[in-house]
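Chain by chain, the residues run as shown.
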Amino acid sequence: MTIFVLVPGMFTGAHVWQETADRLTAAGAVAHAVRLTGLDAALRPAGGDIDLETHIADVVEVIDSLGPTGRKLVLVGHDYGIHPALGAADRRAGRVDRIVYLDSGMPRNGVPAVAAVPDQSLRGRTAGTDGDTGSGDVLTPPATRAEWRRWGSTEGVPGPALDRLTAMAAPQPMGTLLQPLRLTGAVDPVPATGILCTGNGASIEMVQMMADRGDPTLRELADARVAFFELPTGHWPMLSVPAELADVLLRAAAGEGHGLAPADASEPPAHLRPFPLDVPEALRERHGNVDLYLPPGAEAPRPAVLFVHGGPVPADARPTPRDWPTLKGYAHCAAAGGAVAAVVDHRLHTLDDYERAAADVAAAMEQVRADPRVDADRAALWFFSGGGPISAPWLDAPPPWLRCLAATYPVLGPLPGWGLTDSRFDPARAVAHAGGLPVVLTRVGLETPAIAATVEGFLASAKECGADVDVVDVPHGHHAFETVDPTDESRDAVRRAMRAVLDRLGLSDTHHGFPIAG
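Residues numbered from 1 in each chain as written. Predicted model: local features only at pLDDT ≥ 70, side-chain atom pairs only at ≥ 80, totals over all residues. Heavy atoms only, no water.

Trainee: Would you explain the overall build of the protein chain in this entry?
Mentor: Across its full length, the protein chain carries 17 helices and 16 strands. The globule rule puts the C-alpha radius of gyration for 518 residues at 24 Å, and the 25 Å found for the protein chain is close to it. The buried share of the protein chain, reckoned over its 518 residues, is 55%. Here the analysis covers contacts within the protein chain between residues at least 6 apart in sequence; of these, 78% occur between residues at least 24 apart. Of the roughly 20200 Å² of accessible surface on the protein chain, 52% is carried by carbon and sulfur atoms. (Helix = DSSP H or I, 4+ residues; strand = E, 2+ residues; numbered from the N terminus. Rg over C-alpha atoms; globule rule 2.2 N^0.38 Å. Buried < 20%, exposed > 50% of the residue type's maximum accessible area, 1.4 Å probe, protein only. Contact = heavy atoms within 4.5 Å. Areas by Shrake-Rupley, 256 points an atom, 1.4 Å probe, with all protein chains shown as cover.)

Trainee: Even after reading the chapter, I still don't get the nonpolar core, so can you show me in this structure?
Mentor: Soluble globular proteins tend to pack their nonpolar side chains together in the buried interior. If you look at the biggest cluster of nonpolar residues, it comprises 69 residues, and the most contacted ones within it are Phe4, Val59, Val76, Ile99, Ile195 and Leu249. For this core, the element with the most residues is helix α2 (residues 52–66), which contributes seven residues. Contacts of Ile195, omitting those with residues within four sequence positions, involve Val100, Tyr101, Leu102, Asp103, Phe229, Leu231, Leu245, Val248 and Leu249. Among the nonpolar cores identified, the runner-up in size contains 49 residues, and Met365, Phe383, Ala407 and Leu412 belong to it. (Core = buried A, V, L, I, M, F, W, Y, C linked by side-chain atoms within 4.5 Å.)

Trainee: In this structure, what is going on with the layout of surface pockets? I would like to understand it.
Mentor: Taken as a whole, the second largest pocket encloses approximately 380 Å³ of empty space. Around the second largest pocket sit 22 residues that line it, and Met209, Ala270, His479, Ala480 and Val484 are the ones nearest its centre. It is helix α7 (residues 204–212) that contributes the most residues to the lining of the second largest pocket, five residues altogether. Among the residues forming the lining of the second largest pocket, the class breakdown is nine nonpolar, nine polar and four charged. (1 Å grid on protein atoms, 1.4 Å probe; cavity = no way out; pocket = protein on both sides within 12 Å on 5 of 7 lines; lining within 4 Å. Points joined across faces, edges and corners; volume = space filled by probe spheres on them. Nonpolar A, V, L, I, M, F, W, Y, C, P; charged D, E, K, R; others polar.)

Trainee: Would you explain the packing of aromatic side chains in this entry?
Mentor: Any aromatic ring pair is given by two values, namely how distant the centres are and how the planes are angled relative to each other. For the structure on display, the rule yields 14 aromatic pairs. Arranged with centres 6.2 Å apart and planes meeting at 5°, the rings of Trp382 and Phe384 form a pair that is stacked. For Phe384, a relative accessible area of 2% translates into the label buried. Three or more aromatic residues joined by ring pairs make a cluster, and in this case those are Phe275, Phe307, Tyr330, Trp382, Phe384, Tyr409 and Phe481. (Phe/Tyr/Trp six-rings, centres within 6.5 Å; stacked < 30°, edge-to-face > 60°.)

Trainee: Is there a simple way to think about the packing of helix α11 (residues 325–336) against helix α17 (residues 488–504) in this case?
Mentor: Each pair of packed helices can be summarised by the angle the axes make with each other and by the distance between the axes. Where α11 meets α17, the axes come as close as 10 Å, and the angle between the chain directions of the two elements is 50°. Classed by the angle they form, the pair α11 and α17 counts as oblique. Between α11 and α17 lies a crossing of right-handed hand. Contact with α11, carried on its side by Tyr330, Cys333 and Ala334, involves Val494, Met498 and Leu502 of α17 and no other residues of that element. Residues belonging to the contact of α11 with α17 are distributed by class as follows: six nonpolar, no polar and no charged. (Axes fitted to C-alpha atoms, helices over the stretch in contact; angles between N-to-C directions. Parallel < 35°, antiparallel > 145°, perpendicular 65-115°, else oblique. Left-handed = near helix turned anticlockwise from the far one by under 90°.)

Trainee: Any chance you could explain the pattern of salt bridges here in plain terms?
Mentor: For side chains of opposite charge, pairing can occur when their charged atoms come near one another. Across all of its chains, the model carries 25 salt bridges by this definition. For the salt bridge of Arg284 with Asp291, the shortest nitrogen-to-oxygen distance reads 3.3 Å. With a shortest N-O distance of 3.0 Å, Arg491 and Asp488 are connected by a salt bridge. One end of the pair is Arg491 and the other is Asp488, both in helix α17 and three residues apart, which spans about a single turn. (Salt bridge = Lys/Arg side-chain N within 4 Å of Asp/Glu carboxyl O.)

Trainee: Where do I start with empty space enclosed by the protein in this structure?
Mentor: Picture a little ball the size of a water molecule; that probe, rolled over the atoms, points out where space is still empty. Applying the stated criterion across every chain, the model contains one cavity of 30 Å³ or more. Estimates place the volume of the largest cavity at around 80 Å³. If you go around the largest cavity, the residues you meet are Gly9, Met10, Phe11, Thr12, His78, Asp79, Pro118, Trp148, Trp151, His235 and Trp236. In terms of residue class, the lining of the largest cavity is built from six nonpolar, four polar and one charged.

Trainee: Any chance you could explain the sheet that holds strand β3 (residues 72–78) here in plain terms?
Mentor: In sheet architecture, strand pairing relies on hydrogen bonds along the backbone and comes in two forms, parallel and antiparallel. Across the sheet, which stays open at both edges, the six strands sit in the order β2-β1-β3-β4-β7-β8 with parallel pairing between neighbours. For this open sheet the edge positions go to β2 (30–33) and β8 (226–231), each flanked by a neighbour on one side alone. On average, each strand axis in the sheet is tilted by 20° relative to the strand beside it, whichever way the strands run. As paired strands, strand β7 (residues 192–197) and β8 are joined by six bridges and run parallel to one another. Across the sheet, residue Gly194 finds its bridge partner in β8, namely Phe228. The sheet strands contacting helix α3 (residues 82–91) are β1 (2–7), β3 and β4 (98–102), and the helix crosses β4 at an angle near 170°. Seen against the sheet, helix α10 (residues 242–253) touches β1, β3, β4, β7 and β8 and runs at an angle of roughly 165° to β8. (Pairing = 2+ DSSP bridges.)

The values are spatial; any link to function lies outside them.
In structure tokens form, the structure reads like this:
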């Protein structure tokens, strides 16, 4: 028999676990929902500071109260709750058999929980950047249904449950967010399970992709002691799918789950596999963070296409995106079609970097247009994956020289778990101002649900305002289909998208050098 110790997240108390705990109990397990000091109605002191150590002590107390049961003990931390759960497991590592990260971040020694707050503006305010935030202060909880969405997707949560969540929400003691987590390393060998809520923007495929790109934190997740599950719901699965969550928790306790593929020297990660088209190589020049690919035999200035990679990509990832086969392949295609192609290494290293990444892209575009071999009045921008939000400023106010904007398996709206609330980076909103700017959108049929939802939201907005959007569908394609799915369907999609962009640059008569046929 398994004992589950359930630790709630920000603003919430033990009450959120009731339905899940009932189902675990009905399955023969034991469930203890932790009451966190200051957050639970039964433990709200009249005064005094409450910090992360207070909550760690709350969890340790529950573990100690169980005594030597001989049963498997699983600690489950939701959202912020993973911080006190992990801290308690470090102090009682010999008692804990598994830690479950329920749609949470990955806390690290010496890092406070505020680092995992999704909304960048809220992170700054929470961290006391105004100089007047002390450990005895509190963060006000959401007061309406809509406000909860700033902290995660509410997909699937019934209205009455969301109203109850709002009514019972408690202010979050600031000290719990500001005090760094202190770990001794005793918890490191404890097996772990991650439960990702796809409605909140996470997926196993996405984690694998980010680990492959070189994120050192995520690389550790390929350990045999780590497994993953997905739940097709938002950030509060204990309220939206309590039965499904209970089933997954039982399976996690039994050691089930999907493991990440470890790095294999004999097999390159997906983003470093070959481009699916055999394209003549163009002359490449490197200018700072921009690579130029020159079309063969060009005499007069030629139109330009600037390719913008996705991300976030770790700052120390090697090779950098401009040397990835997919970006190089698209650039060779554009050059073969008569355009000057450019690929920029921009600084989207974390989710807080969209503003500086957008500045990098704008500077790269000006650099390309200033090249005497480029027709400055005919240019296109082509965005990929997580680079999609950077397209919003160009949709908001398209300059006359921007003849086309392309996007391939893009993120076209803020993902719930990203905390990207800056409306400047919301293409679904910005497309209403695109006017006659042509958009070429490559959409994959096997996209991560949360990303697919942003694409559909963008298309709905585009239809409402009459924007010029040409959709290239890849029904059996995954995210990064060019190297993940090197099929005839994928090759045809690349050709169709490239022809559409070259046509809009006025290169209809010159892209005979581009491989039209297979």
